[in-house]
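Coordinate analysis (summary)
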Amino acid sequence: MQSGIYGLFATAYLTFPRVKSTLHISLGLFILVVVLFGAELTYGPVSIPIKDVFRILTGEETAIPSWQTIVMSSRLPRALTACIGGSALALAGMLMQTLFRNPLASPDILGVTGGASLGVALLLLSTGGVAVSGWYLDVSIALSAMVGAMGVLVFILLVAQRIADNLTLIIFGVMFSFLSGAWVSALQFKSTGESLRSFVIWGLGSFADTEYSHIIWMLVILMISLGVVIAILPRLNLLLLGERYAASMGLHVRKTRAVILIVTGLLTGVVTAFCGPISFVGLAVPHMARLLTKTSNHYKLLLPLVLSGGVLGLLSDLGARYFELPVNTIASAWGAPFILYILWRGNGNKSII
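Residues numbered from 1 in each chain as written. Predicted model: local features only at pLDDT ≥ 70, side-chain atom pairs only at ≥ 80, totals over all residues. Heavy atoms only, no water.

Let's shift gears to unusual backbone geometry. In the Ramachandran plot, lysine 294 falls in the positive-phi region, its phi being about 55° despite a non-glycine side chain. The backbone of glutamate 324 shows a phi angle near 55°, a positive value even though the residue is not glycine. Mapped onto the fold, glutamate 324 is located in the loop between α13 (298-323) and α14 (327-345). What makes glutamate 324 exposed here is its relative accessible area of 72%. (Helix = DSSP H or I, 4+ residues; strand = E, 2+ residues; numbered from the N terminus. Buried < 20%, exposed > 50% of the residue type's maximum accessible area, 1.4 Å probe, protein only.)

Okay, structure coming up:
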């Protein structure tokens, strides 16, 4: 009995530095999120002092009344969208890389984002731009994107049951992305009017032009997804060791796959619906979190991952505002070199997750 207690204390003593280190990393990332969030609210064509931003957020009056409109109607929704959207895509990317045990798995690489885009295109373009607005339009766009995203995920999963090679699976995803892109292009070619212009702007990807109703949708989906992921953390760790080993340990692999697919489809679909297709965030952020924490253990990885997604979402949006470019351009500019570094650092080893 005493030896068991001593062993428990010894294990806790040895693992405490790692937990403490992870908490320090998470605290640093949280501070960085707060700083970048503040920069989102103060930076712009009209510079607003941080003390006036605090007054606006607390409901006090400021010297210039127009500042309240700028912060509450433009900058605050944009900052919230960038933070929530970045975290959601990072979580979706981690789930896909865990499920497929592939460092290149992500919503945009495997065609999931393309499927969500196709769902939105079918809604907005094939209907001829039917004039609907309000909550009905929000729900319709979100559901269309989620159905499109989960449809691609189911297709990829069916292919994965027949093809074990990860590289071939990636190629299937890329080809499906091209195919969905071709369908979207055909719909755009046949469409005219305001619906086409709106879809083209949406397709560039942006954290701007979101309403508080959109943000509530994204936040609810993110919170539900986080709750589900926390509940299946032990299963995710088992999947890292391979499906056969996980099954031998009593894991119901098919049920876990279904849960991961649904959560990933919801996350990717809701962000793509309201922000457009955002590339590289879901692919790069999980690797960044693993580099920071030096672990693939999902218990230690989850919080830094979500915070890192918020950091990169806010950074990408700030860069897009500064250079007056789409978010996708900025995300690709830092995401592509980082992924090349990850692949080079892996020295040809495919299992770098």
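Let us look at the confidence of the model for the chain. Detailed reading of the predicted coordinates is not advisable wherever pLDDT is low. Mean pLDDT over the chain works out to 84, with 88% of the residues at or above the 70 mark. When the criterion is pLDDT under 50, residues 1-17 qualifies, and its contacts beyond four places in sequence or with other chains add up to zero contacts. A low-confidence stretch, residues 348-352 stays under pLDDT 50, and its non-local contacts, those more than four residues away or across chains, total seven contacts. (pLDDT = per-residue confidence, 0-100. Contact = heavy atoms within 4.5 Å.)

The next subject is the pattern of salt bridges. Within this structure, the stated rule accounts for four salt bridges. The salt bridge involving arginine 321 is made with glutamate 40; its shortest N-O contact spans 2.5 Å. In this pair, arginine 321 sits in helix α13 while glutamate 40 sits in helix α1 (residues 2-42), placing the two residues 281 residues apart along the sequence. For the pair arginine 321 and glutamate 40, a shared accessibility class is recorded, and that class is buried. (Salt bridge = Lys/Arg side-chain N within 4 Å of Asp/Glu carboxyl O.)

This part takes up the nonpolar core. Across soluble globular proteins, nonpolar side chains have a tendency to be buried as a group. With 99 residues, the main nonpolar core has Leu91, Phe100 and Val229 as its most contacted residues. Among the elements that take part in this core, helix α3 (residues 66-100) stands out by supplying 17 residues, more than any other. (Core = buried A, V, L, I, M, F, W, Y, C linked by side-chain atoms within 4.5 Å.)

Looking now at the environment of leucine 241. Here leucine 241 lies in the loop between α9 (233-239) and α10 (243-248). Leucine 241 sits 140 residues away from arginine 101 along the chain, and the two C-alpha atoms are 8.8 Å apart.

The geometry of α3 relative to α13 is characterised by a closest axis approach of 7 Å and an angle of 135° between their N-to-C directions. The orientation of α3 relative to α13 falls into the category oblique. Crossing geometry of α3 relative to α13 is assigned as right-handed. For the pair α3 and α13, contact is made by Arg75, Arg78, Ala79, Ala82, Cys83, Gly86, Ser87, Ala90, Leu91, Met94 and Thr98 and by His298, Leu301, Leu302, Leu305, Val306, Gly309, Gly310, Gly313, Leu314, Asp317 and Arg321, respectively. Split into classes, the residues belonging to the contact of α3 with α13 amount to 11 nonpolar, seven polar and four charged. (Axes fitted to C-alpha atoms, helices over the stretch in contact; angles between N-to-C directions. Parallel < 35°, antiparallel > 145°, perpendicular 65-115°, else oblique. Left-handed = near helix turned anticlockwise from the far one by under 90°. Nonpolar A, V, L, I, M, F, W, Y, C, P; charged D, E, K, R; others polar.)

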